[in-house]
Amino acid sequence: MADPDLFGRCMADARGALSAFEAYFKCLADIERINFSIFYDSLDRGRFLVGLWTTVKLSVICLVASVAIGVVGAWLQGSRFALTRRIVQGYIQFFRNTPPLVQLAFFYFAVGAVLPRVPDGGQMVPIVGSFGWAVIAFSFFAGAFNVEIFRAGIQAVPRATVEAAEALGYSRLRAYGHIVLPLAFRISLPALNNNLVNLIKTTTLAYAIAVPEMLYAAAQIWSEVLNVREMMNVLLVTYVALVGLLVWVMGRWERAMRIPGYSA
Amino acid sequence: MMPLRSGTDMAVLLPAGGALARPVVDARAVGFTERTFSPAVLGALLALFALAVAAAEAHGQPASAARAGILATLWKWAPLLFSGFLFNLLVSVLSMALGTVAGLALGLAQVSLLWPVRKGAGIVTQFFRNAPWLVLLFYCMFLLPFDVAVFGITVPLPAWFKAVIGLALPVMANVSEIVRGGVRSIPIAQWESAEALAFSRRQILWMVILPQSLKRMLPPWMNLYAILTMATTLISIVGIQDGMTLVRSALIAEQRTELFIPMYLMLLTWFFLYCYPIARLTMALERRFAVRA
């Protein structure tokens, strides 16, 4: 604190228009030069919250889509046809061994440029926007890992269990949905957790194609307000908190789904 | 079908280890691991590339003196783009070296006997592991000074070196976890018997535990290197000229839409050709070093 009196006077002045919380950060910026503009400036706060919301939306959509890709892919990998297995394997290896950023650029700049444009409100817009391409690219990227994760889980389900299901008249699809997957899912959860954490971190790449997610919003704010240091720290803490939240929720879920008597 | 060895004849689930151990048994029988290199995947990638080039040729105007064919154009740009790709690899090697040294220290701090050191190292590790790579990269690019004073000598800190540090931070945290996991995976009896032979704690760690855990740490370490190599493209976002930037510049210079897909595919193929063998080798090592319970 440079001068407690100065800070007190500033607080008294600012209290008129702002809440105590906002006034504190306003004075922190004016006197201490620690500028957390998102905590007192409604414009910056709005932008940051929109960015946070976009990140959450992007993460949740990709999360669900990638798990769906993983489930379907793992089912296809157990197919009788060698070609189907080869294609799934090719998909996995391609997406696992190439940089996600280049994949994103490939989808957005290369594939997006070839796709037709559709009229929307008087002007021609791409059929899939930057948010859409980010969802597609990240879902396929995380999905490739999920296929492998689910496949390992499925392999751990005893053949006898599947045979028992077949003996009870289950079709391959039904046995997969009702018996194999619920068991395999429990084994896969820890690895899945890891991958989903990675997915959240990967959503920052959407910055490169101007999806207005949290990093993009923060960059906008710091280039105008010039508070790089403060925004960087806010960003780091927010991401660590988001990941922490996911890990906590998945941990709870993992415990809730545990089969008594069996622990991996 | 292998007999169940899970200890009970009413196993609800096979131990996952059994499913993983099976390929090892098969590999021993055959003499080498199956599918050490999958020509199908590479073939599919090359086919896709050829298809993209063919489609682009058909789509765009016919090649003329002024407008070279797609393949010719790719060939013209390839040396420049490849130098950018090599720069990516250079950054990956430097970051890995820096991150490994720092991560080894942090990982050993995580198994320290002093609880403040252990807890502190644990928090640092978790923090850098859970923060997005790109945000850490931004952090280093913007907040590290342009030059540092070492013993009175001012050493300039170029942007690319700041990027190397930015990428080394998450590597450090991941290596730290790998080291901790590797040390923890050695049975406690090893510690006890070494203690019984009057080794000091430092001697036990360096002469007994680490040499054994090294082979357990190698596969995840290689996996991390592959991830890092792919992450090096992030430096293009913070304004350092790498393979990705050069591809974009080349596309802007050429001003031809039909080049977009082939050129990005070319870069993707290079990364694939570099990372895929590492992934195969990692898997092979994992199988060889699998713990036989």
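Residues numbered from 1 in each chain as written. Chains lettered and ligands numbered in written order. Predicted model: local features only at pLDDT ≥ 70, side-chain atom pairs only at ≥ 80, totals over all residues.

1. Observations regarding the overall build of chain A
Summing up its helical and strand segments, chain A has 10 helices and two strands in all. Counting from the amino terminus, helix and strand elements in chain A follow one another as α-α-α-α-α-β-β-α-α-α-α-α. The C-alpha radius of gyration computed for chain A amounts to 24 Å, which surpasses the reference 18 Å derived for 264 residues by more than 25%, pointing to a less compact arrangement than a globule. C-alpha atoms of chain A, sized along the principal axes, occupy 80 × 55 × 30 Å. When each of the 264 residues of chain A is scored for burial, the buried share is 41%. (Helix = DSSP H or I, 4+ residues; strand = E, 2+ residues; numbered from the N terminus. Rg over C-alpha atoms; globule rule 2.2 N^0.38 Å. Buried ≥ 20, exposed ≤ 12 C-beta atoms within 10 Å, placed from the backbone.)

2. A short note on the overall build of chain B
Counting its regular elements, chain B contains 10 helices and two strands. In chain B, the succession of helices and strands from N to C terminus is α-α-α-α-α-β-β-α-α-α-α-α. Counting over 293 residues, chain B shows a buried share of 35%. Of the contacts made within chain B by residues no fewer than 6 positions apart, 73% connect residues no fewer than 24 positions apart. (Contact = placed C-beta atoms within 7 Å.)

3. Section: the nonpolar core
Counting residues in hydrophobic clusters, the biggest one holds 138 residues, and the most contacted among them are Leu104(A), Ala105(A), Ala134(A), Leu134(B), Leu137(B), Tyr264(B) and Leu267(B). Leu267(B) has contacts with Val102(A), Leu81(B), Phe85(B), Gly243(B) and Val247(B), leaving out every residue within four places of it along the chain. (Core = buried A, V, L, I, M, F, W, Y, C linked by C-beta atoms within 7 Å.)

4. Notes on the packing of helix α3 (residues 70–110) of chain B against helix α8 (residues 201–231) of chain B
Residue and element names in this part refer to chain B. Where α3 contacts α8, the axes come no closer than 9 Å and their chain directions differ by 135 degrees. When the axes of α3 and α8 are compared, the pair comes out oblique. Note on packing geometry: the crossing formed by α3 with α8 is right-handed. Seen from α3, the contacting residues are Leu89, Ser92, Ser95 and Met96; seen from α8, they are Tyr225, Leu228 and Thr229. Tallied by class, the residues present in the contact of α3 with α8 amount to four nonpolar, three polar and no charged. (Axes fitted to C-alpha atoms, helices over the stretch in contact; angles between N-to-C directions. Parallel < 35°, antiparallel > 145°, perpendicular 65-115°, else oblique. Left-handed = near helix turned anticlockwise from the far one by under 90°. Nonpolar A, V, L, I, M, F, W, Y, C, P; charged D, E, K, R; others polar.)

5. Observations regarding the environment of Lys162(B)
Residue and element names in this part refer to chain B. Inspection of the secondary structure puts Lys162 in helix α6 (residues 159–184). With 22 C-beta atoms packed within 10 Å, Lys162 lands in the buried category. Counting along the chain gives 93 residues from Lys162 to Gly69, while the straight-line C-alpha distance between them is 40 Å. When near neighbours in sequence (up to four residues on either side) are disregarded, Lys162 contacts Cys140, Met141, Leu144 and Leu157.

6. Thoughts on the pairing of strand β1 (residues 147–150) of chain B
Residues and elements named next belong to chain B. Taken together, the four bridges between β1 and strand β2 (residues 153–156) define a ladder with antiparallel strand orientation. When the bridges of β2 are listed, Val150 appears paired with Ile153. Hairpin remark: β1 followed by β2, antiparallel, with two residues in the connecting loop; positive phi at Phe151, about 50 degrees. (Pairing = 2+ DSSP bridges.)

7. Observations concerning the environment of His178(A)
Residues and elements named next belong to chain A. By the element assignment, His178 lies in helix α8 (residues 172–202). We classify His178 as exposed; it has 11 C-beta atoms within 10 Å. Along the chain, His178 and Asn146 lie 32 residues apart, while their C-alpha atoms are 19 Å from each other.

8. Observations concerning the domain arrangement of chain A
Domain assignment breaks chain A into domain 1 (1–34) and domain 2 (55–211). Relative placement of domain 1 of chain A and domain 2 of chain A: their C-alpha centres are 49 Å apart. (Domains from an automatic or database assignment.)

9. Here's the deal with the interface of chain B and chain A
Each partner contributes residues to the interface: chain B has 38 residues there, and chain A has 45 residues. For the side of chain B that touches chain A, the secondary structure elements donating two or more residues are α1 (16–30), α2 (39–59), α4 (115–130), α5 (133–143) and α10 (260–288) of chain B. Broken down by element, the residue count for the side of chain B that touches chain A peaks at 10 residues, all from α10(B). Partitioning the side of chain B that touches chain A into residue classes produces 35 nonpolar, three polar and no charged.

10. Quick look at the pairing of strand β1 (residues 117–120) of chain A
All names here are of chain A. Here β1 runs beside strand β2 (residues 123–126); their pairing, made up of four bridges, is antiparallel. Pairing of Val118 across the sheet is with Val125, part of β2. What sits between β1 and β2 in their antiparallel hairpin is a turn of two residues, with Gly121 showing a positive phi close to 60 degrees.

11. Concerning unusual backbone geometry
In the Ramachandran plot, Ala210(A) falls in the positive-phi region, its phi being about 60 degrees despite a non-glycine side chain. Judged by local crowding, Ala210(A) falls into the exposed class, with 12 C-beta atoms found within 10 Å.

12. A short note on the packing of helix α4 (residues 82–96) of chain A against helix α6 (residues 130–155) of chain A
All names here are of chain A. α6 packs onto α4 with a crossing angle of 125 degrees between their chain directions and a minimal axis gap of 9 Å. For the element pair α4 / α6, the angle class is oblique. Crossing of α4 over α6 shows left-handed handedness. For the pair formed by α4 and α6, the contact residues are Val88, Tyr91, Ile92, Phe95 and Arg96 on the first element and Phe140, Phe141, Ala144, Phe145, Val147 and Glu148 on the second. For the contact of α4 with α6, a count of residues per class yields nine nonpolar, no polar and two charged.

13. Some details on the confidence of the model for chain B
All names here are of chain B. Here chain B averages 81 in pLDDT, and 80% of its residues register 70 or above. This stretch, residues 1–10, has a pLDDT under 50; its non-local contacts, to residues over four places away or in other chains, come to eight contacts. Counting contacts from residues 18–37, a segment whose pLDDT is below 50, to residues more than four positions away or on other chains yields 21 contacts. (pLDDT = per-residue confidence, 0-100.)

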